Amino acid sequence: MTAPLTPHDPPPPHEDPAEGRPPAHGQPAGDSSVPNPSGYPEHPEHPSGHPEGSEHSEYSEPGPELRAELVQASLVAIAVAVSGVLLGLLWLWLAPKVPLVSDGSAVYLKNSEGEDAIGADGVFTLLGLAFGAVSALIVFLLFRHGGIALVIGLAIGGVLASVIAWRLGLWLGPTSDVVAHAKEVGKGVTFDGPLKLGAKGALLAWSVAAMVIHLALTGLFGPRDPEPALPPPTMPGAR
């Protein structure tokens, strides 16, 4: 006698019949039809393999043209400032002397109606204007394609040069201790008074002249942008 055959138990209603079976030959372990079997959203990746923030990396450092202009402006400012030594020497040489005289108790101007006291201001201003014009011409000839950075370098260098010239003229000129100088030379002896710059606005003469002349030269003789090409003329009746 044989035992009766019992039918296989049907699978549970929510169970996949293929679950738990080994994958067939040539079939991957996961279901390729499901994009994400785990059910969690995938992490978005940056396109083209560029890391985050790469679009801002090109703005982190100035370009080579800007760096070249900054270097040129720095060299111009240093060269102009050093040339202030020449301005100071010329001012000391060309500025009118202020004669003083002492009577033993006080010091007086020998020529009370003279304008020598304000002549030093005029000489310094004229020399500053001349030096500013020459420096602007030299910079324009050397760096014809320069931009606003060169103008700023000229302005800063002009102020520094004027200050250097002013202090150098005071240092090399007659002493500012008038009483001691009068006692040294004696009573009734004429001596030169100290060199002074009463109008401090003269310190800006170099910078103003340099900027104006350089901008004028750039506008008159500087490189021009190429004009856009005109479209070809259309023939009458052409479609």
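Above this text sits the structure in question.
A few points on the structure.

The rules we used
Residues numbered from 1 in each chain as written. Predicted model: local features only at pLDDT ≥ 70, side-chain atom pairs only at ≥ 80, totals over all residues. Heavy atoms only, no water. Helix = DSSP H or I, 4+ residues; strand = E, 2+ residues; numbered from the N terminus. Buried < 20%, exposed > 50% of the residue type's maximum accessible area, 1.4 Å probe, protein only. Axes fitted to C-alpha atoms, helices over the stretch in contact; angles between N-to-C directions. Parallel < 35°, antiparallel > 145°, perpendicular 65-115°, else oblique. Left-handed = near helix turned anticlockwise from the far one by under 90°. Contact = heavy atoms within 4.5 Å. Core = buried A, V, L, I, M, F, W, Y, C linked by side-chain atoms within 4.5 Å.

Turning our eyes to something else, we now look at the environment of Gly122. For Gly122, the position within the fold is in helix 3 (residues 116-142). You can call Gly122 partly exposed: its relative accessible area is 31%. With 80 residues separating them in the primary sequence, Gly122 and Ala202 have C-alpha atoms 8.2 Å apart.

Moving on: the packing of helix 1 (residues 64-82) against helix 4 (residues 148-172). Viewed as axis vectors pointing N to C, helix 1 and helix 4 meet at an angle of 20°, and their least axial separation amounts to 7 Å. With respect to each other, helix 1 and helix 4 are oriented roughly parallel. By crossing handedness, the relation of helix 1 to helix 4 is classed as right-handed. On helix 4, the residues that touch Glu69, Gln72, Ala73, Val76, Ala77, Val80 and Ala81 of helix 1 are Ala149, Leu150, Gly153, Leu154, Gly157, Gly158, Leu160, Ala161 and Ile164.

Here we come to the nonpolar core. Among the nonpolar cores identified, the biggest contains 23 residues, and Leu87, Trp91, Phe124, Leu154, Leu197 and Trp206 are the most heavily contacted of them. Elements represented by at least two residues in this core include exactly helix 1, helix 2 (84-94), helix 3, helix 4 and helix 6 (205-221). Top contributing element to this core by residue count: helix 3, with 7 residues. Sequence-distant contacts of Leu154, that is, excluding residues within four places in its chain, are made with Val76, Val80, Ser135, Ala136, Val139, Ser207, Ala210 and His214.

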